[in-house]
Amino acid sequence: MSQPNVFITRQLPASLEVLKALASVEVWTERQPPPYEVLLDKIRHADGVLCLLTDPIDRPLIESGTQLRVISQMAVGYDNIDVGTATAKRIPVGHTPDVLTDATADFAWALLMAAARRVVEADRFTRAYQWQTWEPDLLLGSNIAGATLGIIGLGRIGQAMARRARGFDMRILYTNQERCDPALETTLNAEFVTLDELLQTADFVTIHTPLTPETHHLFSDRQFQQMPRSAVLINTARGTIVDPDALYRALAEGQIAAAAIDVTEPEPIPADSPLLSLDNLIITPHIASASRQTREKMATMAIANLIAGLQGERLPHCVNPEVYP
Ligand code: DGY
């Protein structure tokens, strides 16, 4: 019997040895993602695909995969995949939850601290030889300890942020599609509020909600206008949750004090984006989960999902379990 064909859209930080014993594996070795036409061509002949969040696994592509049995994404988010079409074709879609929770929360916390205390700006200032003397009001930021943190989306990563905030004696507010279990609220010391209440009250707002049609541009002018002028926004979820033009206006006009974003709309951020001119904005290239250990675990988990799908077994981490009887 011939081996199944697998297409992997980038080189992975994990061994493919086990997979190669079971399947004929092709890996896209370039640094940039495969162009859409290439993806289409590869998926047409593939039994399994292992993809990244930069690969648009859309309807035409899934429908062209006449022998496709599994789609495995090396990420927890999967808004680049048309899961509805995959489900209609009874193709399981895998993802990599949990293993990146702490790395992502650590990074979101690093951004929060860096934005609050203007760390990146201070580094630039020092390197530009602008440091003349100790000054009482040089590069003033705001306190983190004792401040109020507003968490948008109290899922795995939102909860990890709440645990970090407890160590800083912060008041924790959250908003979520549904209110969480009271026992969890008590453990995290988190208060459920409306989005408006959270925006009006929090000193720091951190976004941990998936990108859906409902959260697309969840942050626009109206949301920024409700925030205190001293507020700081952190986004490590998806860039499209924040309207970039509204973010620019809010930061340039001092509607909020600062922001730190690991994700942008679009990605990568265009070289002519006005956001790049702002001193009160920190921008990083979608690296919140990028610790060596975490990326290895994500790749290993994605391979395990892929192998399960090829072998007709239930994926260990499946986003559309309704494909199973
Ligand atoms: C994800 O997994 O969805 C992150 O954005 C990348 O780690």
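Everything in this summary refers to the structure shown in the same document. Here the structure is a predicted model, which is why all the values come from computation and not from measurement.

Description of the pattern of salt bridges
Counting across every chain of the model gives 14 salt bridges. The partner of Asp 55 in a salt bridge is Arg 10, with the nearest N and O atoms 3.5 Å apart. Pair noted here: Asp 55 is in the loop between strand 3 (48-51) and helix 3 (59-64) and Arg 10 is in the loop between strand 1 (5-8) and helix 1 (17-22), with a separation of 45 residues, a long-range link. No difference in accessibility class separates Asp 55 from Arg 10, as the two residues are buried. Residue Glu 26 is joined to Lys 42 by a salt bridge in which the shortest nitrogen-to-oxygen separation is 2.8 Å. Here Glu 26, found in strand 2 (residues 24-27), pairs with Lys 42, found in helix 2 (residues 36-44); they are 16 residues apart in sequence, far enough to count as distant. Among the charged side chains, a network of salt bridges with common partners joins Asp 102, Asp 106 and Arg 164.

Description of the side chain of Arg 10
For Arg 10, a relative accessible area of 12% corresponds to the buried category. At 2.8 Å, the side chain of Arg 10 and the side chain of Thr 54 are in polar contact. Excluding anything up to four places from it in sequence, Arg 10 contacts Val 27, Trp 28, Glu 30, Arg 31, Gln 32, Pro 33, Pro 34, Leu 52, Thr 54 and Asp 55.

A few points about the nonpolar core
Among the nonpolar cores identified, the biggest contains 55 residues, and Leu 19 and Phe 204 are the most heavily contacted of them. At the level of secondary structure, the elements contributing two or more residues to this core comprise strand 1, helix 5 (101-116), strand 6 (148-152), helix 7 (156-166), strand 7 (171-175), strand 10 (232-235), strand 11 (258-261) and helix 12 (292-310). At nine residues, the largest contribution of residues to this core is made by helix 5. Counting contributing residues, this core receives three or more from each of domain 1 (5-99 + 293-323) and domain 2 (101-283). Once residues lying within four places of it in the same chain are set aside, the contact partners of Phe 204 are Leu 112, Ala 116, Ser 142, Asn 143, Ile 144, Ala 147, Thr 148, Leu 149, Gly 150, Met 170 and Val 232. Core analysis: the second largest hydrophobic core is formed by 27 residues, Ala 202, Leu 218, Ile 261 and Leu 275 among them.

Observations concerning the site of the ligand
Near the ligand, the surroundings consist of Leu 53, Ala 75, Val 76, Gly 77, Leu 100, Arg 238, His 286, Ser 289 and Met 298. Gly 77 has a polar backbone atom sitting 2.9 Å from an oxygen atom of the ligand. Between an oxygen atom of the ligand and a side-chain N or O atom of His 286, the distance comes to 2.7 Å. Taken by itself the ligand offers 230 Å² of open surface, and the protein chains cover 89% of this. When its residues are assigned to classes, the shell around the ligand shows five nonpolar, three polar and one charged.

Structural notes on the sheet that holds strand 12 (residues 281-283)
Strand order in this open sheet of seven strands is 8-7-6-9-10-11-12, and the pairing throughout is parallel. Each of the sheet's edge strands pairs with one partner strand only, and the pair in question is strand 8 (190-192) and strand 12. Averaged over all neighbouring strand pairs, the angle between strand axes comes to 15 degrees, with direction disregarded. As paired elements, strand 6 and strand 7 share five bridges and run parallel to each other.

Concerning the sheet that holds strand 2
One open sheet accounts for five strands, arranged 2-1-3-4-5; its pairing is parallel. Strands with a single pairing partner mark the edges of an open sheet, and in this sheet they are strand 2 and strand 5 (93-94). Looking at chain direction, strand 1 and strand 2 are connected through four bridges and run parallel. Bridging across to strand 2, Ile 8 finds its partner in Val 27. The strands touched by helix 12 within the sheet are strand 1, strand 3, strand 4 (70-73) and strand 5, with strand 4 carrying the most contacts at an inclination of about 175 degrees.

About the thresholds
Residues numbered from 1 in each chain as written. Predicted model: local features only at pLDDT ≥ 70, side-chain atom pairs only at ≥ 80, totals over all residues. Heavy atoms only, no water. Salt bridge = Lys/Arg side-chain N within 4 Å of Asp/Glu carboxyl O. Helix = DSSP H or I, 4+ residues; strand = E, 2+ residues; numbered from the N terminus. Buried < 20%, exposed > 50% of the residue type's maximum accessible area, 1.4 Å probe, protein only. Polar contact = N/O pair within 3.5 Å; in protein donor to acceptor, adjacent residues only side chain to side chain. Contact = heavy atoms within 4.5 Å. Core = buried A, V, L, I, M, F, W, Y, C linked by side-chain atoms within 4.5 Å. Domains from an automatic or database assignment. Near = heavy atom within 4 Å. Areas by Shrake-Rupley, 256 points an atom, 1.4 Å probe, with all protein chains shown as cover. Nonpolar A, V, L, I, M, F, W, Y, C, P; charged D, E, K, R; others polar. Pairing = 2+ DSSP bridges. Axes fitted to C-alpha atoms, helices over the stretch in contact; angles between N-to-C directions.

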